[in-house]
Amino acid sequence: MYEARVYQGHSVEIVPLDPSGGLSVGEGNGCGYRLPAGSCPGAEVLLFYKRGVWTAECSGNVLHRGKQVRTAQLENGDMLVLSSQNHMAVQLTEREEAPQAAVDLRGLQELLVGRADNCPLQLVHKRVSGSHAKLYRRGEQWRLCDINSTNGTFVNGKQTGECALKSGDQIVIGPYDLILDGEKLLVYGARGSVRSRLSSAEWTAEKKKTAKKTQKGGTSREYPIFTRSPRLIRQLPQEELEIEAAPQIGQQPQINWLSTLLPSFGGVGLMLVVTVLTGMSPVSLLFSGPMAILGVVVTVINYNRQTKAFLKRDVLRTEKYEQYLTRCEERLKSFADEQRAIACSSSPAPAECMEIARKRSERLWVRTPGDTDFLSLRVGLGDEPLKMNVRTPKLGVLLEEDVFTRRPEALAKGYQRVSGIPVTADLFACQSAGLVGGRGQLLNTVRCMVSQLAALHSYEEVKLAVIFPKEEYGQWEWMRWLPHTFNDRRSFRYMACTSYETSQLLKQLNGECRGRKKEHGDFFGKMELAIPHYVLVVAAPQLIKGGTAGELFETPGVSSIWLAPALSALPQSVEQILELGAGGQIYMRRQASERRAFQPDEISLTDCEAFARSLAPVRLAGGKKAGLPDSVSFLEGYRV
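In this text, all values refer to a predicted model and were calculated from it rather than measured experimentally.

Draft legend 1. Main features of the overall build of the protein. The helix and strand inventory of the protein stands at 11 helices and 37 strands. Out of the 640 residues belonging to the protein, those deemed buried represent 43%. Within the protein, counting contacts between residues at least 6 apart in sequence, those at least 24 apart form 64% of the total. Accessible surface, the protein: about 34,500 Å² in total, of which carbon and sulfur atoms supply 53%.

Draft legend 2. Spotlight on the sheet that holds strand S23 (residues 194-196). Taken in spatial order, the 6 strands line up as S19-S16-S15-S13-S14-S23 in an open sheet, and their pairing is mixed. Two strands in the sheet have a free side with no partner beyond their single neighbour: strand S19 (162-164) and S23. Neighbouring strand axes in the sheet, compared pairwise and without regard to direction, differ in orientation by 15 degrees on average. Two elements, strand S15 (residues 133-138) and strand S16 (residues 141-146), share 6 bridges in a ladder whose sense is antiparallel. Note on S16: the bridge partner recorded for lysine 134 is cysteine 145.

Draft legend 3. Spatial organisation of the packing of helix H4 (residues 350-359) against helix H6 (residues 439-456). Closest axis-to-axis distance for the H4/H6 pair is 9 Å, and the angle between their directions is 35 degrees. Between H4 and H6 lies a crossing whose hand is left-handed. Every residue of H6 that contacts H4 at Pro350, Cys353 and Ile356 is listed here: Cys448, Ser451, Gln452, Ala455 and Leu456.

Draft legend 4. Examining the packing of aromatic side chains more closely. Taken as a whole and assessed by the stated rule, the structure comprises 14 aromatic pairs. Here the aromatic cluster, defined as three or more aromatic residues joined through ring pairs, consists of Tyr2, Tyr49 and Trp54.

Draft legend 5. Broad picture of the pairing of strand S20 (residues 170-173). In this structure, strand S17 (residues 153-155) lies alongside S20, joined through 2 bridges in antiparallel fashion. When the sheet's bridge partners are listed, phenylalanine 154 is paired in S20 with valine 172. The pairing of S20 with strand S21 (residues 176-181) spans 4 bridges and is antiparallel. The residue bridging glutamine 170 from the neighbouring strand is isoleucine 179, located in S21. Between S20 and the antiparallel strand that follows it, S21, lie 2 residues; glycine 174 among them carries a positive phi value of about 60 degrees.

Draft legend 6. Region of the structure containing the packing of H4 against helix H11 (residues 605-615). Taken N-terminus to C-terminus, the directions of H4 and H11 make an angle of 30 degrees; their axes are 8 Å apart at the nearest point. Judged by the inter-axis angle, H4 sits roughly parallel to H11. Seen along the crossing, H4 lies across H11 with a hand that is left-handed. For the pair H4 and H11, the contacting residues are Cys353, Met354, Ala357 and Arg358 in the first and Asp607, Phe611, Ser614 and Leu615 in the second. For the contact of H4 with H11, the residue count by class is 5 nonpolar, 1 polar and 2 charged.

Draft legend 7. Region of the structure containing the nonpolar core. Judged by nonpolar contacts, the single largest core of 57 residues is most densely connected at Trp476, Met479, Leu482 and Phe611. Among the elements that take part in this core, H6 stands out by supplying 10 residues, more than any other. Excluding residues that lie within four positions of it along the chain, methionine 479 makes contacts with Val446, Val450, Leu464, Val466, Thr485 and Met495.

Draft legend 8. A look at H11. For H11, every residue scored as buried is listed here: Cys608, Phe611, Ala612, Arg613, Ser614 and Leu615. In this structure, the buried side of H11 is in contact with S16, S19, H4 and H6.

Draft legend 9. Representation of the side chain of histidine 125 in the model. Structurally, histidine 125 can be placed in the loop between strand S14 (121-123) and S15. At 3.0 Å, the side chain of histidine 125 and the backbone nitrogen of arginine 127 are in polar contact.

Draft legend 10. Structural detail: the pairing of strand S22 (residues 184-188). Counting buried positions over the 5 residues of S22 gives 4, a clear majority of the element. For S21 and S22, the ladder comprises 5 bridges, and the chain directions are antiparallel. Bridged to aspartate 181 within S22 is lysine 184. Once S21 ends, the chain turns through 2 residues before running back antiparallel as S22, passing glycine 182 with a positive phi of about 65 degrees.

Each value, and the rule that gives it
Residues numbered from 1 in each chain as written. Predicted model: local features only at pLDDT ≥ 70, side-chain atom pairs only at ≥ 80, totals over all residues. Heavy atoms only, no water. Helix = DSSP H or I, 4+ residues; strand = E, 2+ residues; numbered from the N terminus. Buried < 20%, exposed > 50% of the residue type's maximum accessible area, 1.4 Å probe, protein only. Contact = heavy atoms within 4.5 Å. Areas by Shrake-Rupley, 256 points an atom, 1.4 Å probe, with all protein chains shown as cover. Pairing = 2+ DSSP bridges. Axes fitted to C-alpha atoms, helices over the stretch in contact; angles between N-to-C directions. Left-handed = near helix turned anticlockwise from the far one by under 90°. Phe/Tyr/Trp six-rings, centres within 6.5 Å; stacked < 30°, edge-to-face > 60°. Parallel < 35°, antiparallel > 145°, perpendicular 65-115°, else oblique. Nonpolar A, V, L, I, M, F, W, Y, C, P; charged D, E, K, R; others polar. Core = buried A, V, L, I, M, F, W, Y, C linked by side-chain atoms within 4.5 Å. Polar contact = N/O pair within 3.5 Å; in protein donor to acceptor, adjacent residues only side chain to side chain.

Below, the structure written as structure tokens:
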């Protein structure tokens, strides 16, 4: 029998297909299955069965196997995407009327479902991920967990990450239907594509074998193995820039018309007076008059020539100096961009952390305890001084200024600080940080800090513990997927929301950190790093009681983040304070006047859930015991 599965956002509906009639899907009034208006504008699919093959005739922007098509022949599991933006799609599935497998769940504690060979329930289809989902027993109830699959898992038509199951629930995984029937799991799909590899007894024995292997330092094959890459650290070059003053071209030529005209025409006038008084012949005036006029003309011509030459030099000076200042500005801008890029690559934004985790890129868990930015967690963006030495001409006392006199100083001042630089809270150098502000702002900032901690630091080197109020469980439960919230054996989760759970958590942490004060310094006084480093987020300080908690916070290798509505509610020992409001400020308690402003990062709870789930199944290659130790002491070399 054949079915069409219509996906709309995070839901799916199964529509039986009649080979004699077919099915049309779209927004039009004549469609057999009408989609909501505006969900896939212009896209429509007509499915019909002809000569033993299902064919789709498409109109609008319909994608099949990543390409836009008008006609496509379909196979079992093929998907026709009507709208990528709205997640609207139609899938053709083929299944036998009788179940292809009936898994007896009695005696099982968990059941892994996927395409990989190690899955006891193997669904052989490309729409199914290698490790797609897991059923596990909690008490008398079965629960379902999606293992970050590519195409998702649906229960009773709704996509789910984790949920409780009851008898009769229908699970959709790719082109397969799984129905829970009491203590049996009925699997429907195409003939020969379902393999129930192990019986209950065999699977239980296999799990015991795998558990023993894991305790000995091995890793279960059902988890993706990740090998950490060497970290390539970009260094900002040491550069110096001297912005020179504009070249001098002298003073602009000036002409004094009084000193130019008076001698010439004054002489002519004097000659005229003498001639009249003495009765001399006026012939001399015929020579002195033109000579005086000629002298004035020559002076004016010389002035004009000098003025034109000066203006030409001034235009050339302006052009060359503007070009010089442009080159200086380009160099400053390039250096500022490089400084910003290096800082952002070291402390990526929350969205980048999500991509790092989703793609499991080489930047995943790249920080190590020896790095200078180990446990330096980004909280937002601010500015910092330009790390280039820029020198400008010393002006001193000026009697006259031109348009270029203060340009070097103005240019250097414009690039004095670089914006868009990550602002971080250093939990390694400062063992405690206090966050002050509205509850929503606090939760958002903690989500940003935790996402960077989990993306850049290995769960073997950093452990994350959380104490939060029970009424906020929905705001914190996403962290349970992070491998950093478990102990090494994954037998204890570092999360507590009640007084009893908090006491058990602190007892567990105290036990794991016992003896650190003695081991923190070696025989020669050299300080050693306490690894793993524990980061404890305290969102409900009222749950902490007793004196053992104070000792824990003073233990080497333990840092804490405290959330409070006001500064007065923070512990007195907090070293670093972040005040959150419309913007943010970060400062040290002992240097409260030196504050750095920043714009807080943002990340949604939904994104955090997806981020944590993408990291949940990942395991480090080899584990802690793999490889050679970084160093051994002289006495350890002789097993002393």
